[in-house]
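# Coordinate inspection notes
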Amino acid sequence: DSLHGQQRRSAPLPVMHDDGFTAHFALTGCQHALEHPLAPDRFEASQWPATRQRYLDRFEANLTNIVRAANERNVRVILLTMPFHYRLSPAWKHRQPAWFDAEHREQVKQLTTRAVELKQAGDFAEALELIRQAVALDPLPAVPHYLEAQLLESLDRVDEAEAAYARSREAMIGNLGSCLSINRVIRKVATEHEAVLVDVRKLFDNYEHEHQRHFNVDLVHDDCHPTPLGHELIARALRPHLQQPTGNPQ
């Protein structure tokens with residue numbers, strides 16, 4: 001079975017929006033995101049950081065309440081961090097803003113456009129220098145981080161590329177972004193309330209790197225759902241915790 005066939009089946013059926021944007025266009029890549037940025041009149045990008053923080057605060061409060069309620073009933077809690085598809089297309093579900101900082105909009109646009117041209121010409125090192133300038137000017141958009149990751153991958157700097165793809169996932173607006181922050185919240189709640197933590201993201205990274213692989217290509221099916229092999233790794237990590245005796249629930 002080809003990788004292309006697997007990716008085609010991984011994506012949900014396309015959904016056409018009123019402005020012509022097709023959600024779930026491709027599992028990987030950023031060309032669609034570059035061609036269809038989120039227009040400022042449809043979404044005020046400057047509001048996203050505050051909105052995102054409200055979601056994270058609510059997630060932390062809800063998770064804390066769940067853990068506390070379980071502890072009060074003498075129920076052992078096991079929290080798992082979330083693995084994710086490093087190379088998920090920034091526009092797989094939502095359009096992404098081309099810029100957040102209006103002051104540097106034109107400069108970021110020019111740097112990104114030139115970096116894409118150099119990338120297509122095979123001049124990855126020069127393109128990387130330009131896209132990093134764009135990221136330095138406006139670090140919030142997801143697409144420049146994705147381009148940086150692609151260029152690093154083309155230069156066989158895969159560890160750096162993986163970190164840049166992770167920054168792109170973190171920067172994506174919508175429910176598929178903020179992956180690094182969500183995992184930080186899970187770790188924080190586990191530490192503060194003495195819950196067992198199974199760090200699945202680290203587990204997956206270690207497995208891939210030990211097999212000279214990256215980006216969870218063998219372990220994540222779509223945006224975050226594990227493959228059968230991924231589920232097997234999680235089950236093995238959970239087994240010793242599930243075999244431990246626990247007190248009787250009240």
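A quick note: this is a predicted structure, and the numbers were derived from the prediction, not measured.

### Concerning the overall build of the protein
Secondary structure assignment for the protein yields ten helices and four strands. The secondary structure elements of the protein, listed N-terminal to C-terminal, are α-β-β-α-α-β-α-α-α-α-α-β-α-α. Expressed as a percentage of its 250 residues, the buried residues of the protein come to 44%. Long-range contacts, defined here as pairs at least 24 residues apart, represent 70% of the contacts in the protein between residues at least 6 apart. Working note: accessible area of the protein is about 13500 Å², and carbon and sulfur atoms make up 52% of it.

### Concerning the packing of helix α5 (residues 124–137) against helix α6 (residues 142–154)
Orientation of α5 relative to α6, taken along the N-to-C sense of each, is 155°, at an axis distance of 9 Å. The angle between α5 and α6 places the two elements in the roughly antiparallel class. Here the hand of the crossing between α5 and α6 comes out left-handed. Residues Phe124, Ala127, Leu128, Ile131, Arg132 and Val135 of α5 form the contact with α6, whose participating residues are Pro144, His145, Leu147, Glu148, Leu151, Leu152 and Ser154. For the contact of α5 with α6, the per-class residue count stands at nine nonpolar, two polar and two charged.

### Describing unusual backbone geometry
Even without being a glycine, Gln212 presents a positive backbone phi close to 55°. Tracing the chain through its elements places Gln212 in the loop between α9 (200–210) and α10 (228–242). For Gln212, a relative accessible area of 67% translates into the label exposed.

### A closer look at the packing of aromatic side chains
Applying the stated criterion across every chain, the model contains three aromatic pairs. Look at Tyr146 and Tyr165: their rings are 5.0 Å apart centre to centre, the planes differ by 75°, and that puts the pair in the edge-to-face class. Of this pair, Tyr146 sits in helix α6 while Tyr165 sits in helix α7 (residues 158–171), and the two are 19 residues apart along the sequence. Of the two residues examined, Tyr146 and Tyr165, each falls in the buried class. Plain terms: the ring middles of Tyr165 and Phe215 are 5.4 Å apart, the flat faces sit at 80° to each other, and that makes the pair edge-to-face. Placement of the pair is Tyr165 in helix α7 and Phe215 in the loop between α9 and α10, with a sequence separation of 50 residues. Grouping residues by exposure puts Tyr165 and Phe215 together as buried. Put simply, the rings of Tyr146, Tyr165 and Phe215 touch in pairs and so form one group of aromatic residues. In this arrangement the basic side chain of Arg105 is found over the ring face of Trp99, its NZ or CZ atom lying 4.9 Å from the centre.

### Details of the nonpolar core
Formed by 28 residues in total, the largest nonpolar core has its most connected members in Phe84, Tyr86, Ile131, Leu147 and Tyr165. Counting residues per element, the ones that place at least two in this core are α4 (105–120), α5, α6, α7 and α8 (179–192). The greatest single-element share of this core, amounting to six residues, is contributed by α6. Residues contacting Ile131, with those up to four places away along its chain left out, are Thr112, Ala115, Pro144, Leu147, Glu148 and Leu151. Listed in part, the twelve residues of the second largest apolar core include Ala70, Val77, Leu79 and Ile186.

### What about the packing of α9 against α10?
With their axes 11 Å apart at the nearest point, α9 and α10 run at an angle of 120° to one another. For the crossing formed where α9 meets α10, the hand is right-handed. Of the residues in α10, those touching α9 at Val200, Leu203, Phe204 and Tyr207 are Leu229, Gly230, Leu233, Ile234 and Ala237. For the contact of α9 with α10, the residue count by class is eight nonpolar, one polar and no charged.

About the criteria used
Residues numbered from 1 in each chain as written. Predicted model: local features only at pLDDT ≥ 70, side-chain atom pairs only at ≥ 80, totals over all residues. Heavy atoms only, no water. Helix = DSSP H or I, 4+ residues; strand = E, 2+ residues; numbered from the N terminus. Buried < 20%, exposed > 50% of the residue type's maximum accessible area, 1.4 Å probe, protein only. Contact = heavy atoms within 4.5 Å. Areas by Shrake-Rupley, 256 points an atom, 1.4 Å probe, with all protein chains shown as cover. Axes fitted to C-alpha atoms, helices over the stretch in contact; angles between N-to-C directions. Parallel < 35°, antiparallel > 145°, perpendicular 65-115°, else oblique. Left-handed = near helix turned anticlockwise from the far one by under 90°. Nonpolar A, V, L, I, M, F, W, Y, C, P; charged D, E, K, R; others polar. Phe/Tyr/Trp six-rings, centres within 6.5 Å; stacked < 30°, edge-to-face > 60°. Lys NZ or Arg CZ within 6 Å of the ring centre and 35° of its normal. Core = buried A, V, L, I, M, F, W, Y, C linked by side-chain atoms within 4.5 Å.

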